[in-house]
Amino acid sequence: MVTTTYQVQGMTCGHCVNSVSTEVSALPGVTDVQVDLASGRVTVTSESPLETDTVRAAVDEAGYDLVGA
């Protein structure tokens, strides 16, 4: 298992957290997603390392921006 933490910009409420969790959880190999609304951190556990662009696309689909990475 691989755990990676990403920084997401633009989340302001529980709906934001659910949207990001749903999109990232749908990625192949993802086993767990934890979103910390206050810090904007999204911690993803997956079976193998994920391509940053893949995670970025999922976060973008949810309507938010992956920062840095």
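Predicted, not measured: the structure shown is a model, and the values here were computed from it.

Caption draft 1: The arrangement of helix 1 (residues 14-25) in detail. For helix 1, spanning 12 residues, the distance from its first C-alpha to its last is 16 Å, which sits close to the expected 16 Å at 1.5 Å a residue. Contacts from the buried residues of helix 1 go to strand 2 (30-36), strand 3 (41-46) and helix 2 (52-62).

Caption draft 2: Representation of the side chain of Thr-45 in the model. Within the secondary structure layout, Thr-45 lies in strand 3. When sequence neighbours within four positions are dropped, the list of residues in contact with Thr-45 reads Met-1, Val-2, Thr-3, Gly-29, Val-30, Thr-31 and Asp-32.

Caption draft 3: A look at the packing of helix 1 against helix 2. Two elements in contact, helix 1 and helix 2, have axes separated by 8 Å at closest approach and are oriented at 140°. The angle between helix 1 and helix 2 falls in the class oblique. For helix 1 against helix 2, the interelement crossing comes out right-handed. In this structure, helix 1 contributes Ser-19, Val-20, Glu-23 and Val-24 to the contact, and helix 2 contributes Ala-58, Val-59, Glu-61 and Ala-62.

Caption draft 4: Structural view of the pairing of strand 1 (residues 2-9). Relative to strand 3, strand 1 runs antiparallel, the two sharing 6 bridges. If you follow Val-2 over to strand 3, its bridge partner there is Ser-46. The pairing of strand 1 with strand 4 (residues 65-67) spans 3 bridges and is classified as antiparallel. The residue bridging Val-8 from the neighbouring strand is Leu-66, located in strand 4.

Caption draft 5: Molecular detail of the sheet that holds strand 3. In spatial order, the strands read 2-3-1-4; together these 4 strands make up an open sheet with antiparallel pairing. Every interior strand has two partners, whereas the edge strands, strand 2 and strand 4, have only one. Across the sheet, the mean angle separating the axes of adjacent strands is 35° when strand polarity is ignored. Across the face of the sheet, helix 2 comes into contact with strand 1 and strand 4 while running at roughly 140° to strand 4.

Calculation notes
Residues numbered from 1 in each chain as written. Predicted model: local features only at pLDDT ≥ 70, side-chain atom pairs only at ≥ 80, totals over all residues. Heavy atoms only, no water. Helix = DSSP H or I, 4+ residues; strand = E, 2+ residues; numbered from the N terminus. Expected span 1.5 Å × (residues − 1). Contact = heavy atoms within 4.5 Å. Axes fitted to C-alpha atoms, helices over the stretch in contact; angles between N-to-C directions. Parallel < 35°, antiparallel > 145°, perpendicular 65-115°, else oblique. Left-handed = near helix turned anticlockwise from the far one by under 90°. Pairing = 2+ DSSP bridges.

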